[in-house]
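Summary of the model geometry
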Amino acid sequence: MRPSFSSSSATIVANDSTTANRRAKQIIGAPQGNFVWACRIACGKKNVPHELVAVFPHTPEVDAIHPYGKIPAMRHGEVTLFESRAILYYIDHAFPGTPFQPRDPVGGAQVE
Ligand SMILES: N[C@@H](CCC(=O)N[C@@H](CS)C(=O)NCC(=O)O)C(=O)O
């Protein structure tokens, strides 16, 4: 069963000018999931347009990417990722905008 969600919240309208942004980006997972929310908030902060594929854990869309079937997973062109920290890292580094973490080694390590 697919979870219900407001389709109006599933698409973030943003400047689509970069090469990375031109590829379709999907966040895969039920919208009520806290780790899913973290990834979607990150997309919002970076103005990264994305489609929410609203599915529960252990569904085919998730199992195709995550070896343990957990949400979130992510697809962006040829790139597939799982684990919210990895997805957040990707969003932070692949797209322009104010970084979530300091880029200098000491600042980045302190955040970690
Ligand atoms: N460390 C993972 C945790 C993901 C996670 O536990 N997601 C839950 C939903 S909030 C899930 O998929 N649970 C199903 C399961 O554990 O089998 C991450 O940060 O992505």
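A brief report on the enclosed structure follows. (Residues numbered from 1 in each chain as written. Predicted model: local features only at pLDDT ≥ 70, side-chain atom pairs only at ≥ 80, totals over all residues.)

Nonpolar side chains tend to gather and get buried jointly when the protein is soluble and globular. Ile27, Ile28, Cys39, Met74 and Ile91 are the most contacted members of the largest nonpolar core, which totals 20 residues. Top element by residues in this core is helix α2 (residues 34-45). It accounts for four residues. Not counting residues within four places of it along the chain, the set of residues in contact with Met74 comprises Gln26, Ile27, Ile28, Cys39, Thr80, Leu81 and Ile87. (Core = buried A, V, L, I, M, F, W, Y, C linked by C-beta atoms within 7 Å. Buried ≥ 20, exposed ≤ 12 C-beta atoms within 10 Å, placed from the backbone. Helix = DSSP H or I, 4+ residues; strand = E, 2+ residues; numbered from the N terminus. Contact = placed C-beta atoms within 7 Å.)

The first and last C-alpha atoms of α2 sit 16 Å apart over 12 residues, in line with the 16 Å expected at 1.5 Å per residue. Within the span of α2, buried status applies to Val36, Cys39, Arg40, Ala42 and Cys43. Looking straight down α2, one finds that the buried residues subtend no more than 155 degrees of arc, so they occupy a single side. Facing away from the buried side of α2, by more than 90 degrees, are the exposed residues Asn34 and Ile41. (Expected span 1.5 Å × (residues − 1). Arc of directions from axis to C-beta.)

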